[in-house]
Structure formats: C-alpha cells, structure tokens
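Reading the structure
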Amino acid sequence: VAEPAMRAIDSLCPYCGVGCQMTYHVAGDGPAAKIVHVEGRDGPANAGRLCVKGRYGFGYPRHAHRLTTPLIRRPGIPKSVDLDPAAPLAAFREATWDEALDFAAAGLARIKAAYGPHALAGFGSAKGSNEEAYLFQKLVRTGFGTHNVDHCTRLCHASSVAALLEGIGSGAVSNPVRDVEFADVIVVIGANPASNHPVAASFMKNAVERGAKLVLMDPRETPLARHAYRYLQFRPDADVTLLLSLACVIIEEGLTDEAFIAARTTGFDAFRAAALAYPPERVEAITGIAAETVREVARLYARGPNSMIFWGMGISQHIHGTDNSRCLIALALMTGQIGRRGTGLHPLRGQNNVQGASDAGLIPMMFPDYQRVADPAIRAQFEALWETPLSDVPGLTVVEIMDAALAGDIRGMYIEGENPAMSDPDLAHARAALAGLEHLVVQDLFLTETAMLADVILPASSLMEKTGSFTNTDRLVQLSRPVLPLPGDARPDWWIIQQIAQRLGLAWNYAGPAEIFDELRRALPSYAGITWAALETEEAVVAPKFAVDEPSQPVLFEADFPTSNGRARFVAVGPLPAAELPDADYPMVLTTGRVLEHWHTGSMTRRADVLDALEPLPWCSVHPDDLAAQALASGASVRLETRRGAIVLEARADEAVQRGSVFMPFCYVEAAANLLTQPALDPFGKIPEFKYCAVKLSAE
Ligand code: SF4
C-alpha cells in the first residue's frame, strides 16, 4: 500500500500567547487528512522552538468527541448543573444548519423583543481570530443592541489592562519577550512561564546564561526559580506590600530617575508618599522577605542598566490586581526603565489571541481599540462605520453577566469558544446561571461543560482548519492557515456568526476573513497600517501600526506615552487584604493555575492524547508538613472544601508551595477547581480573585 503523500503547511500554535510559528506535516487528503508531526519555524517569537503543548498537542481536532453537526436540545430535557459527561449527547438531537441557525437566532430575537436588548449577552473567544472577535462584538453591539460582550481576558489580565490604560495609555506590552536579550535584570512576578509560556521562559534562561540577573517573585517556587539570581517567596496576598517596599527603597536610597519623572510623568508625589510608608524592615513579617533581600533587589532593578518586568495571573487575579499593576508601572516609571530595548512592562498574555481579541473589541465598556463606549464622539464614529444606532450603556463583564443571569436580568446568551461552566469562579453559581437562561447558543468544537447547558450547539472550526489573524503577547499579528479540512458539517466561526447576524436582520455579506480584516482596520486605528497582503507575505507584523508606511514599533514609549498629555501617570495605592482570609473553619489558602501539559479548562489538551497521557488525573500540591500534620502521604486522596463547594483529588507532597497553602490546576472537570474559588471582583478590572481563598483540606 502506497504511503499517503505528505504536505507541509505553515501556520501557528493554537495554545499560548507566545505565538509560536510552526509547520504542520499532514498525511492524506480530505476527511482522511491527518497531522503526523509538527516542527517549529523560525518565527520572530519562537526562533524554531516549541514546547510540549505545541509539539504534541495537535490531536484534538480529530478527537472522537469532535462535534460535526449542529445539535438542538430535545424538548422537555432539563438543563442539569450536575453535568453528566457519561451521557452528554442524549439531551440533544441532530439538526440541519438552517434549522439550528433559525432556532438560535429566533431565540435571541424573542428575548430581545420581550425583555429588551440588555437581556442578551455574548462571550467571544481569545482562541478565535481577530476577524472572529471583531465580528462577534459587532454582532452583539449592532444585532443584539447591547454592549454586554466580554471574553476571558476578564479572568486573566483585565486588572493589568485597566492599570496600563490608566497609567501609560496602552494596555499592550511595551517590549517583546525576546528583549530579554538586551536586559541586565529580568523581574518575573506572579507568573510561571516555564509551564505557561515555555518558549518565552527558554529565552529568559538564555538571557541568564548570557549574564542577566533573573529575580523571581512568587508564593510558589515555580521551575524558573532554578535559574533565578534571587527568588522571593513572598506570602500569598502580600504582593502590593512587597512592591511598595521595593518602591520605598528606590526612593529612600535616591535611585529614582528624577529627569524621567519630571519630563515624562505626573502624580509621583502622591505615589512617593504612599510608598514611603512601607520600608522593607517594617513589613518583613507581612511579606516574609528579609529586608536586605528587598533592598538588594530594588537596587538591582533600579540600576539595571536595563531592567524588564514580566507578570502574570499570580498578581492580576486578586481584588487588588489593578493595584499590583499600578505598582509595577510605578517601578518602571520612577527608574526610567521603559522606552528602551531590554526594559519595559510585559504582562504575559495567556491565550494565543487574547491580545487581539481585546484589541478587536471583545470588551463591554470599550469599542475596538479601547475606545470608550461612554464617549459620545467615539460612539458616533462607530454608528457611522456600522450604519446603526448604538446603546450608550457600557456593558456588563463576565462575572457581572453571570450575576445578572441568575437574577433574571439576562435571559439569553451566545457563547463562542469559551467555557464559563469551567472557567468562572464559584462554578455552582455560574452553572446555575447558565442553566437558568431561557436561551443559550454555544458555538464550539466539543460538547464542553458550557455546551451541555445549551439549547443549541453550533459546531465550529479549530485553528488548524481556518485562515485568520492572531495577535500574540508581543503584539505580533500573524496568520493561521488551514491545515486540515473541517470535519463533517462543522463550519468556520466567521461564517456562523454572519449567519446569526443575517437572521437578526443585519445586512452582512462578508466574503471571508480578508474582507473582515479590511473593515477591522477601519475600526482599529492601531491596525490601520496592517494589510492582509502584508500578513500573507511578511508572516508577522507588529501592532500598533497606524499607517502602512509607518515603521514597526517593537518597543513602545521611546518618546512619549499615548495619553492625553503624552505623560505617564503614577497612581498611589495601599494594600487591600484578600476578600476571604483563612479562619478556624477554612484554615489554608487555595491558589489555582495551569500546568505545562494542559491548557485552561482542558477542552483541547484533554482531547490531545499525548498531553492527557502525561497528566491524566486531577491533583493538588500541598507542603509535606501539612500532609504529615494530617497523617497523609503523598498520593493520598484528599477533600478540598471552601464555602462554595468541595472536590476530591490526589494530594502531591510539594515543597514548592508554602506551608498553609494548596495549589491546584483548573483544567480537570472531575475535580473542578473553580467549584471552590470565590468571585469577589477587583473594582477596576472586574477580575475575580482566583488566586486566594480560604480552604479546608482533609483526608477523604
Ligand atoms: Fe505553543 Fe505557547 Fe508552547 Fe509556543 S510556547 S509551542 S505558542 S504553547
């Protein structure tokens, strides 16, 4: 038998925000086409490198669970929050596309007519392309008539974006990851790039080999600690205090860049007064870090000469997440560590298109390009572009939408490529909210936990099956290309969104992603200079690019900041305790996160056989002393319980976590971490406090 012909197709990794370029090697054609292996390409973000997810996580598009035909809930089948993965499809019947689309759109239209436009909401996806994100938010704003549209950035970096927009006028990174080549000092706080952005971590390790000093700050000793010059294992919840004490040292010891502060910033006096209240000697017992170590790190960072800061959800997912980012911005501004190669601020973005989905407008209070819904002049521009009157009411965010659904104020939702029945805090609450909706339309690859609660399910496209632009954590816009044909009757996401729009009365007739991108460029001034032709030929174009002939800006803020007066702004902060502190009933602290082998809620990687074989079962990390105190051995089955729920899973003894803390991944439906987390919100970024709640651990 002749071997099927092999084809090599250049595209992107479907997982994290590093945005690795890769070549897929495919055997066979049509429905028999199969990815055999992949290899890294020499892309600007990865230089040929890939991590285990990119290299081995390509199996999910052809998993047996893949949805290949539209599904409609059978009449009389109730939506149960006790999700039953054993018999998931029994509640649904197969439908034609016309039938499913008519049903989906009619339900949305019925709710709008009965209760008004704000009874509807939509979640778009950071796993989809820029074109899909743009179309989705346009559908919600113009077809539903509300700005109730959001996506998973609300759960990861909304607080960082709020602080960055407020402080320096741009929510994106100032410098790309690979600027670590030029850095003398690299600060990583509240991030675990070795697991979550492994290729980015590899460049950090290379910088350390070259002589850069890496300072890692994290309550959990993550793998990057092995490469760190200093590792600061601060107490959970002491992050703002620690950052203020670093700022205090810089001010006390005269390490500030006064010329930079005078020429390019405002508000320093108030921040200085706030920071001076936290000398490291005074807060040692709070942070758990020796004062002399804080002083040494502060001097290192300030003196650089070039110092760069990376951060992640360890500090963004708190009710004081915005304050954490305000402190990091202040550190960069007060030392002039921004606007040059090897300096700056880099919130490591999670999903492969979370930067682009935010840029494209999947944000309830902002139109594309972070233009405020509440601004009448901006609204008028979008009304002209989209030839439709628009609401003047900023929309609700992810958790607020769940609250409104439970209260009966939101009655219908359209969820594309997101899985809030696994990703939201306090899942019992979120699942009850989803189950209580009168009409839920879900568009996805699989019967996700969210899709199990749907009225109609629309089978969508994976990254390996479509053309689309994706914006990585470095602001690089890159194209995915179809590697496999769509299976069965699955359809491109942009096509499905357009079909819903047409049925809601919108005269949309886009021919495909290139035409959508052309309109997106008119809505996003920062993408106006990026052409589809350039994406097809140059492989990666840096945003922002306001005009076609404008040079690329891999480093932002060299001359000024994109604020109304061109200056950056200090914002004074003080420590705010977590919403729920340990007590006699729930004496430990729970933090959640990701693992190297799995991606977010697991919908893709748990269906990628190689990855699931590596980490197939739920687990939590507990300090050996805490296990010993309960006469438990590593590997014991334990029960974790908070005021919101309880789960049972394996406990692994792990000295990387502090005594009194438990860490667990949130990708396992069998022991869903978010049944335990609590939904208190940061008041500015509206991000939930996934990274801290009180928990009780006991033998099962
Ligand atoms: Fe994919 Fe991120 Fe790994 Fe690169 S680092 S291969 S983008 S998961």
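Shown above is the structure to which this text applies.
The structure displayed is predicted, hence computed values, not measured ones. As a convention, each chain's residues are numbered from 1 in the sequence order in which they are written. A pLDDT threshold of at least 70 governs which residues receive local features in this predicted model, and a stricter bar of 80 or more applies before side-chain atom pairs are shown or counted, although totals over entire chains, interfaces and linings include all residues. As a convention, hydrogens and water are excluded, and side-chain values are obtained from all of the structure's heavy atoms.

**Quick word on the overall build of the protein**
By definition, any uninterrupted DSSP run of H or I lasting at least four residues is a helix, any uninterrupted run of E lasting at least two residues is a strand, and each is numbered from the N terminus. Secondary structure summary: the protein contains 23 helices and 28 strands in total. Only the C-alpha atoms count toward the radius of gyration. The rule for a globule is 2.2 Å times the residue count to the power 0.38. Radius of gyration (C-alpha) of the protein: 24 Å, near the 27 Å computed for a compact globule of 700 residues. Taken over the C-alpha atoms alone, the protein extends approximately 70 × 65 × 60 Å along its principal axes. Whether a residue is buried, partly exposed or exposed follows from its accessible area with a 1.4 Å probe, protein chains only, as a fraction of its type maximum: under 20%, in between, or over 50%, in that order. Across the 700 residues in the protein, those meeting the buried criterion constitute 65%. Residue contacts follow a heavy-atom distance rule, with two residues in contact if any of their heavy atoms lie within 4.5 Å. For the protein, restricting intrachain contacts to residue pairs at least 6 apart in sequence, the fraction spanning at least 24 positions comes to 74%. Residue-level accessible areas treat just the shown protein chains as cover; the underlying method is Shrake-Rupley with a 1.4 Å probe. A total accessible area of about 23,000 Å² is found for the protein, and carbon and sulfur atoms account for 53% of it. Where the 61 positive side-chain charges of the protein centre and where its 81 negative ones centre are 1 Å apart. Positive charges come from Lys and Arg alone, negative charges from Asp and Glu alone, with His and the N- and C-terminal ends not counted. Just so you know, the charge point we use is NZ for Lys, CZ for Arg, CG for Asp and CD for Glu.

**Examining the side chain of Asp237**
Secondary-structure assignment places Asp237 in the loop between strand 10 (230-232) and helix 7 (239-252). Note on definitions: salt bridges are taken to be side-chain nitrogens of Lys or Arg within 4 Å of carboxyl oxygens of Asp or Glu. Arg235 provides the closest opposite charge to the buried, unpaired Asp237, separated from it by 11 Å. When near neighbours in sequence (up to four residues on either side) are disregarded, Asp237 contacts His320, Leu576, Pro577, Ala578, Leu581 and Tyr692.

**Quick look at the site of the ligand**
Around the ligand, the surrounding shell consists of Cys13, Tyr15, Cys16, Gly19, Cys20, Leu50, Cys51, Lys53, Gly54, Pro198 and Val199. Contributing elements (two or more residues each) for the shell around the ligand: helix 1 (52-56) and helix 6 (198-210). Residue polarity is assigned by list, with Asp, Glu, Lys and Arg as charged and Ala, Val, Leu, Ile, Met, Phe, Trp, Tyr, Cys and Pro as nonpolar; anything else, Gly included, falls into the polar class. Residues belonging to the shell around the ligand are distributed by class as follows: eight nonpolar, two polar and one charged. For each residue, the test is whether any non-hydrogen atom lies within 4 Å of the molecule or strand; if one does, the residue is near.

**So, the packing of helix 7 against helix 9 (residues 268-275)**
Inter-axis angles, ranging from 0 to 180 degrees, are taken between N-to-C directions of lines fitted to C-alpha atoms, where helices are fitted over the stretch in contact. The N-to-C vectors of helix 7 and helix 9 enclose an angle of 110°; their axes lie 8 Å apart at closest approach. The angle between the axes of helix 7 and helix 9 places the two elements in the roughly perpendicular class. On the side of helix 7, the interface is formed by Leu244, Ala247, Cys248 and Ile251, while helix 9 contributes Phe268, Phe271, Arg272 and Ala275. Grouping the amino acids of the contact of helix 7 with helix 9 by side-chain chemistry returns seven nonpolar, no polar and one charged. Orientation categories follow fixed angle ranges, with anything under 35 degrees roughly parallel, anything over 145 roughly antiparallel, 65 to 115 roughly perpendicular, and all other angles oblique.

**Observations regarding helix 18 (residues 427-435)**
Considered for burial, the residues of helix 18 that qualify are Leu427, Ala430, Arg431, Ala433, Leu434 and Ala435. Tucked inside the fold, the buried residues of helix 18 contact helix 16 (398-406), strand 16 (412-416), helix 17 (420-423) and strand 17 (439-444).

**Digging into the sheet that holds strand 23 (residues 588-593)**
Read around the closed barrel, the six strands follow the order 23-27-24-26-25-28; overall the barrel is mixed. Between one strand axis and the next, the sheet turns through 45° on average, direction left out of account. One bridge is not enough; two strands pair if DSSP finds at least two bridges between them.

**Side note on the pairing of strand 26 (residues 645-653)**
Bridging between strand 24 (residues 619-622) and strand 26 involves four bridges; their strand directions are parallel. For Cys620, the partnering residue across the bridge sits in strand 26 and is Ala651. With six bridges joining them, strand 25 (residues 637-642) and strand 26 adopt antiparallel strand pairing. Bridge pairing in strand 26 places Ser637 opposite Glu650. Counted between consecutive antiparallel strands, the loop separating strand 25 from strand 26 contains two residues.

**Notes on empty space enclosed by the protein**
Empty space among the atoms becomes apparent when a probe as large as a water molecule is rolled across them. The rule is simple: put a 1 Å grid over the protein atoms alone, call a set of points where a 1.4 Å probe fits but cannot get out a cavity, call an open set with protein on both sides within 12 Å along at least five of seven lines a pocket, and count a residue as lining if it has an atom within 4 Å of a point. Grid points are joined across faces, edges and corners, and a volume is the space filled by probe spheres set on the points. Following the criterion strictly, the structure yields seven cavities of 30 Å³ or more and no others. Here the second largest cavity is characterised by a volume of approximately 190 Å³. Looking at side-chain class alone, the lining of the second largest cavity contains six nonpolar, seven polar and six charged residues.

**A look at the environment of Gln351**
Structurally, Gln351 is set in the loop between strand 13 (344-347) and helix 14 (354-359). With relative accessibility at 5%, the residue Gln351 sits in the buried group. Sequence spacing of Gln351 and Ala460 is 109 residues, and the spatial spacing of their C-alpha atoms is 18 Å. If sequence neighbours within four positions are ignored, Gln351 has contacts with Tyr15, Cys16, Gly17, Ala126, Lys127, Cys152, Trp599 and His600. Any pair of N or O atoms that falls within 3.5 Å is considered a polar contact. Within protein, one atom must be able to donate a hydrogen and the other to accept it, and sequence-neighbouring residues count only if both atoms are side-chain atoms. Side-chain polar atoms of Gln351 contact the side chain of Trp599, separated by 3.2 Å.

**Quick notes on unusual backbone geometry**
Cis geometry is adopted by the peptide bond preceding Pro305, which originates at Gly304 and carries an omega value of 5°. Omega for the peptide link from Ala543 to Pro544 comes to 0°, which places this bond in the cis form. Turning to its location among the elements, Pro544 is positioned in the loop between strand 21 (540-542) and strand 22 (568-569). Unlike most non-glycine residues, Glu539 shows phi in positive territory, near 75°. Considering the arrangement of structural elements, one finds Glu539 in the loop between helix 21 (532-538) and strand 21. Given the relative accessible area of 25%, Glu539 is considered partly exposed. Phi angles above zero are rare outside glycine, and His600 is one such case at about 45°. Its location among the elements puts His600 in the loop between strand 23 and helix 22 (609-614).

**Remarks on the side chain of Asp218**
Mapped onto the secondary structure, Asp218 falls in the loop between strand 9 (213-217) and strand 10. For Asp218, which is buried and forms no salt bridge, the nearest opposite charge comes from Arg220, at a distance of 5.3 Å. Within polar-contact distance, the side chain of Asp218 engages the backbone nitrogen of Arg220 at 2.9 Å. For Asp218, the residues in contact, after removing those within four places along its chain, are Gly190, Ala191, Tyr231, Leu232, Gln233 and Phe234.

**Some points on the pairing of strand 16**
Summarising burial for strand 16: five of the five residues are buried, a large majority. Of the two faces of strand 16, the one carrying Gly412, Tyr414 and Glu416 and the one carrying Met413 and Ile415 are both buried. Sheet analysis places strand 6 (residues 120-123) next to strand 16, joined by four bridges and oriented parallel. The partner of Ala121 across the bridge, within strand 16, is Met413.

**Some details on helix 7**
Expected helix span is taken as 1.5 Å per residue step, with the number of steps being one fewer than the number of residues. Relative to the 20 Å expected for 14 residues at 1.5 Å per residue, helix 7 spans 20 Å between its end C-alpha atoms, a close match to the ideal helical length. Of all 14 residues making up helix 7, 13 are buried, and the element is well covered by its neighbours. Positive backbone phi, approximately 65°, marks Gly254, located one or two places after helix 7.

**Considering the environment of Gly314**
By the element assignment, Gly314 lies in helix 12 (residues 313-316). Measuring from C-alpha to C-alpha, the distance between Gly314 and Arg295 comes to 22 Å, with 19 residues separating the pair along the chain. Among residues more than four places away in sequence, those in contact with Gly314 are Gly190, Asp239 and Lys691.

**Looking at the sheet that holds strand 13**
Taking strand neighbours across the sheet as the criterion, the five strands line up as 10-9-8-12-13 in an open arrangement whose pairing is parallel. Only two strands of the sheet have a single neighbouring strand rather than two, namely strand 10 and strand 13. On average, adjacent strands in this sheet sit at an angle of 15° to one another, irrespective of strand direction. With respect to the sheet, helix 4 (residues 158-168) is in contact with strand 12 (307-311) and strand 13, its orientation differing from that of strand 13 by roughly 155°.

**Overview of the layout of surface pockets**
When its volume is computed, the largest pocket comes out at roughly 910 Å³. Around the largest pocket, the lining comprises 43 residues; the ones closest to its centre are Leu165, Gly169, Ser170, Gly171 and Tyr370. When contributions to the lining of the largest pocket are tallied by element, the ones reaching two or more residues are helix 4, helix 14 and strand 15 (371-372). Ranked by residues supplied to the lining of the largest pocket, first place goes to helix 4 with five residues.

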